[in-house]
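Residues per chain, in single letters:
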Amino acid sequence: MLRYILKRALSLVLSLVVASILIFVTIEIVPGDPASYMLGLNAQPDTIENLRRELGLDKTPVARYLSWVGGLVQGDFGTSYTYRTPVADMVADRLMVSLPLALYALLLSTAIAFPVGVLAATRRGSVADWSVMGTTQLGIAIPNFWFALLLVLVFAINLRWFSAGGFPGWEAGFFAGLKALTLPAVALALPQASILSRVMRSSLLDTLDEDYIRTARAKGLSRRQALWRHALRNAMIPVLTILGLQFSFLLAGAIIIENVFFLPGLGRLVFQAITQRDLIVVESVVMLLVFAVVLITFLVDVAYALVDPRLRQQA
Amino acid sequence: MYHNSTRKTASVVALAMAGLLLSGLVAGTAMARTDITIGMQLEPPNLDPTGGAAAAIDEVVYANIFEGLTRFGPDGSVNPSLAASWTVSDDGLAYTFTLQSGVTFHDGSAFDANDVKFSLDRARGEDSTNAQKALFTGITDVTVEDDTTVIVTLAEPNGNLPFNLAWGDAVIVAEESIADAGTAPVGTGPFQFSRWVQGDRIEIVKYDDYWGTEAKLDKAVFKFISEPTAAFAAMLAGDVDAFPVFPAPENLPIFDANPQFQVVIGSTEGETILSTNNKQPPFDNVKVRQALAHAIDRSAIIDGAMFGYGTPIGTHFAPHNPAYVDLTGNSEYDPEKAKALLAEAGFADGFETTLKLPPPSYARRGGEIIAAQLREVGIKTEISNLEWAQWLEQVFRGKDYGLTIVSHTEPMDIGIYARPDYYFQYDNEALQALMTDLTGQTDEAERMETLKQAQTIISEDYVNGYLFQLAKTGVAAAGIVGLWENSPTQANDLTAVYWQ
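The structure displayed is predicted, hence computed values, not measured ones.

This brings us to the overall build of chain A. Of the regular secondary structure elements, chain A holds 14 helices and zero strands. Overall, chain A is about 85 × 55 × 35 Å in size when its C-alpha atoms are taken along their principal axes. Within the span of chain A, comprising 315 residues, buried residues form 50% of the whole. If you take every contact in chain A between residues at least 6 apart in sequence, the share linking residues at least 24 apart comes to 75%. Across chain A, the mean location of the 26 positive side-chain charges is 15 Å away from that of the 20 negative side-chain charges.

Encoded structure:
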């Protein structure tokens, strides 16, 4: 088990080093100078030079890469070019929105997907199964931003139960914050729940066909007992994989939903930083997201080993 | 000039139609409130107007938090602000400003002549990162006479000085607080900064010790909503009280039809032009540029790209300015004439060029229409869509383009035509001489005459394709009074705003 975890940890570190080089090179190649962007059309060349010096943009790319990575290792993300505030503070503020939103959506999606998936699998071919398959097909097909607009239209503009968007901040109260995240979380969760419940269903159906389930049934276990004791646990591996991917997606990929609900999340920060050529913010946030995704993958790998003893022994 | 692009038009339209059905159900409350929430499409990167060009900075701080010696009125006039009055010496080289007394900064410290000297010296100094440093060229010295008197000395007469000092880039700041102005601005205005939740909103509150007429509002919130669809929903849901520059003009008729909203259409300082690289063949030939001008149907562009909002222009000057000359006749839509001109110039079969478009919808939508119109006379364009940073690098600095579309939003910026190194690369000594004359002129009638001549020169030289003056299309809840209708500078001046 320990060797398995060590091997996974090493690949985690390697991925991070490669990612940092890739991110830096890609962003440096993209044309556009942050200083000229900030100063606009009427700026004089000497003014732009002053600003470039102030921002440290006059140093060589290698020197900038080393100082960036050196800072990252010590937990220093640098200072934003345009906001002139430490990137770490900005990211921490944004995570206070993005992280709860991703968790909220994930919670909603698993809370829906598990019972629905199990229901559909145990009643294969029934009306319940068919309607689950039909609804989830629709759930996957509907783009989440469109669904989000629909939610806004009904619950914000028409019924006025929720705001059309925005985030009051957690200091306005836990429930005020939760309320502001509800529509976005629902919009994010619906397609995820659809995918997850289909995976849950098919994975469960696969295991229900296995020999050991028949043996378990032959031993005298009821269908329900066989399902809970044997099938469910074995069906979890593909579900865990999807769950890990979904959390990464929810954390990094909520840009569109954050825009529709004008939430001050991480996705919007990156989006804004890209247009403003706030390179250091883009680099640091992307690096952080890579770290999060790699870490989640690592945790999922560890979770496999916990669920499946064979993986522990192989390693 | 940094507007966001309008994306997902289809979803905007879909929501708009649904909104039309629902708007009758929207309940409105128009009690005499003393707070307001203003929607803005872009969030300012920082709040120091003396250190960046982003229009969003001025849209929050101008006249609300920071004040200059002079200020723009809603009609574009230059009015006294921290300077109660000023006199000009007979040779035009010295401006003596008499300052308001009893003025304090929001941190309680007193404002005096030393702050003026500090601010102006900082803006024009060697290490300055002021985006409009050119406003201060010609100032040779700023002298403190006493606490309320400052003398600004010039190298040569400059009738524009009070105008230049009204810009957001010329506001008065204090030496003690300027270092933190990016995140915690301290000014002398009727509102003081309260808090900034980055990515979401900025809050300002009334400053009780303000020296002048106190603000009618107690509190104002600027909320940042970049997505046009979301802006539309936020207005309808009542999350935002006013959106002075509304990003989805296609939805304005819906608000117009609803008595709970007012639609405010005004003018801006944005001359939207088909900028032409005057040094790149074949555009170095005036006949080709003239052909370009006649190939363009302005009204089709205004209707197609701007939903009908915008005033046609025939030169680089704002139509609402008293010195404006209507020269649209020089470039009437006449594709046959355009073809004939091209043949005369030796391009009977047309030619190919590049059309590089920045993100705003006027450029992206307008670009498609212009490309089609140019194709009619045989000019093929290769369209590329650029982000602003790329545009600045390739077009503005690199001058690697044939045609591009940009709205020049700085007020009274005809002077850029006298800069041969500017990205149009237009080099005309007659015009350059005229602009030098203008700087020295202090007589209003004389200045007006010079400006008219300059407008005529660039129009008859067909330097660029002159399209339209960008309109300011805003929406507000019905009870709000006092928002600027026009946009002589990019600002949301809330000093006179109140709820009926």
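What follows picks up the thread again.
This part takes up the nonpolar core. Grouped together as the largest cluster of nonpolar side chains are 74 residues, with contacts concentrated most on Leu204(A), Phe261(A), Ile225(B), Met235(B), Phe246(B) and Phe255(B). Every element with two or more residues in this core is listed here: α5 (87-122), α7 (144-158), α8 (174-208), α10 (223-252), α11 (255-260) and α13 (279-307) of chain A together with α5 (228-236) and α6 (252-256) of chain B. When residues in this core are grouped by element, the largest group, 13 residues, is from α8(A). Not counting residues up to four positions away in its chain, the partners in contact with Met235(B) are Val240(B), Asp241(B), Ala242(B), Phe243(B), Phe246(B), Phe255(B), Phe261(B), Val475(B), Ala476(B) and Ala477(B). Ranked by size, the runner-up nonpolar core spans 69 residues in total, among them Leu51(A), Ile38(B), Ala54(B) and Leu494(B).

It is worth spelling out the sheet that holds strand β5 (residues 94-99) of chain B at this point. Residue and element names in this part refer to chain B. An order of β4-β5-β7-β6 is seen for the four strands of this open sheet, with the pairing classed as antiparallel. Strands at the two margins of the open sheet, each flanked by one partner only, are β4 (83-88) and β6 (139-146). The sheet shows a mean angle of 20° between the axes of neighbouring strands, taken without regard to direction. Here β6 runs beside strand β7 (residues 149-154); their pairing, made up of six bridges, is antiparallel. In the strand pairing of β7, Asp-141 is matched with Thr-153. Contacts from helix α3 (residues 113-124) reach β5, β6 and β7 within the one sheet, and its direction differs from that of β6 by about 170°.

With that settled, the discussion passes to α5(B). Residues and elements named next belong to chain B. Most of α5 sits inside the fold, with nine of its nine residues counted as buried. Residues Pro-228, Thr-229, Ala-230, Ala-231, Phe-232, Ala-233, Ala-234, Met-235 and Leu-236 constitute the buried set of α5. Immediately beyond the C-terminal end of α5, within one or two residues, lies Gly-238, with a positive phi of roughly 80°.

A few words now on a nonpolar patch on the surface. Residue and element names in this part refer to chain A. On the surface, Val-13, Val-17, Ile-21, Val-25 and Ile-29 cluster together into a nonpolar patch covering about 440 Å² of accessible area. Here Val-13 is to be found in helix α1 (residues 2-29). Residue classification places Val-13 among the partly exposed residues on the basis of a relative accessible area of 48%.

For the rest of this paragraph, the subject is the pattern of salt bridges. Within the structure shown, the criterion is met by 26 salt bridges over all chains. Residue Asp33(A) pairs with Arg397(B) through a salt bridge whose shortest N-O separation is 3.9 Å. Separated into two different chains, Asp33(A) in the loop between α1 and α2 (34-39) and Arg397(B) in helix α11 (residues 388-397) make up a pair that spans both. Residue class for Asp33(A) comes out buried when judged on its relative accessible area of 6%.

A separate point is the interface of chain A and chain B. Taken together, the contacts link 47 residues of chain A with 61 residues of chain B. Summed over both partners, the interface of chain A with chain B comes to about 4,600 Å²; 56% of that surface belongs to carbon and sulfur atoms. Across the contact surface, chain A and chain B share three salt bridges. At the boundary of chain A with chain B, the tally comes to 17 residue pairs in polar contact (both at pLDDT 80 or more). Mapped onto the side of chain A that touches chain B, the elements with two or more residues apiece are α2, α3 (45-55), α5, α7, α11 and α12 (266-275) of chain A. Element by element, the count of residues in the side of chain A that touches chain B is highest for α7(A), at seven residues.

Residues and elements named next belong to chain B. Within strand β17 (residues 465-477), 13 of the 13 residues are buried, which leaves the element mostly enclosed by the surrounding structure. In this structure, strand β11 (residues 242-243) lies alongside β17, joined through two bridges in antiparallel fashion. Paired with Ala-242 across the strands is Ala-476, a residue of β17. Across 11 bridges, strand β12 (residues 261-276) lies against β17 in antiparallel orientation. Bridge pairing in β17 links Ser-267 to Ala-471. With two bridges joining them, strand β13 (residues 311-312) and β17 adopt antiparallel strand pairing. For Thr-311, the partnering residue across the bridge sits in β17 and is Gln-469.

Let's shift gears to the packing of α5(A) against α13(A). Residues and elements named next belong to chain A. At their nearest, the axes of α5 and α13 sit 11 Å apart, and the two run at 50° to each other. The pairing of α5 with α13 is recorded here as oblique in orientation. Crossing of α5 over α13 shows right-handed handedness. Of α13, the residues touching α5 (which contributes Val-87, Met-90, Val-91 and Leu-95) are Ile-280, Val-281, Ser-284, Val-285 and Leu-288.

All names here are of chain B. Here chain B is described as being made up of domain 1 (36-41 + 183-266 + 473-499), domain 2 (66-177) and domain 3 (270-470). In this structure, domain 1 and domain 3 have C-alpha centres spaced 32 Å apart. Between domain 1 and domain 3 the total buried area reaches about 550 Å² when both faces are included, carbon and sulfur atoms providing 66% of it. Considering only the side of domain 1, the residues that lose the most area to domain 3 are Pro-249, Glu-250 and Gln-490, jointly responsible for 52% of the buried surface there. Summed over the shared surface of domain 1 and domain 3, the result is one salt bridge. Glu-250 serves as the salt-bridge partner of Arg-365, at 3.8 Å between the closest nitrogen and oxygen. At the boundary of domain 1 and domain 3, one finds zero residue pairs in polar contact (both at pLDDT 80 or more). Here the side of domain 1 that touches domain 3 is built from residues that sort into four nonpolar, two polar and one charged.

Parameters and conventions
- Residues numbered from 1 in each chain as written.
- Chains lettered and ligands numbered in written order.
- Predicted model: local features only at pLDDT ≥ 70, side-chain atom pairs only at ≥ 80, totals over all residues.
- Heavy atoms only, no water.
- Helix = DSSP H or I, 4+ residues; strand = E, 2+ residues; numbered from the N terminus.
- Buried < 20%, exposed > 50% of the residue type's maximum accessible area, 1.4 Å probe, protein only.
- Contact = heavy atoms within 4.5 Å.
- Lys, Arg positive; Asp, Glu negative; His and termini not counted.
- Charge placed at Lys NZ, Arg CZ, Asp CG, Glu CD.
- Core = buried A, V, L, I, M, F, W, Y, C linked by side-chain atoms within 4.5 Å.
- Pairing = 2+ DSSP bridges.
- Axes fitted to C-alpha atoms, helices over the stretch in contact; angles between N-to-C directions.
- Patch = residues over 30% accessible without salt bridge, like charges linked within 9 Å, V, L, I, M, F, W, Y side chains within 5 Å.
- Areas by Shrake-Rupley, 256 points an atom, 1.4 Å probe, with all protein chains shown as cover.
- Salt bridge = Lys/Arg side-chain N within 4 Å of Asp/Glu carboxyl O.
- Buried area = accessible area lost by both parts, 1.4 Å probe.
- Polar contact = N/O pair within 3.5 Å; in protein donor to acceptor, adjacent residues only side chain to side chain.
- Parallel < 35°, antiparallel > 145°, perpendicular 65-115°, else oblique.
- Left-handed = near helix turned anticlockwise from the far one by under 90°.
- Domains from an automatic or database assignment.
- Nonpolar A, V, L, I, M, F, W, Y, C, P; charged D, E, K, R; others polar.

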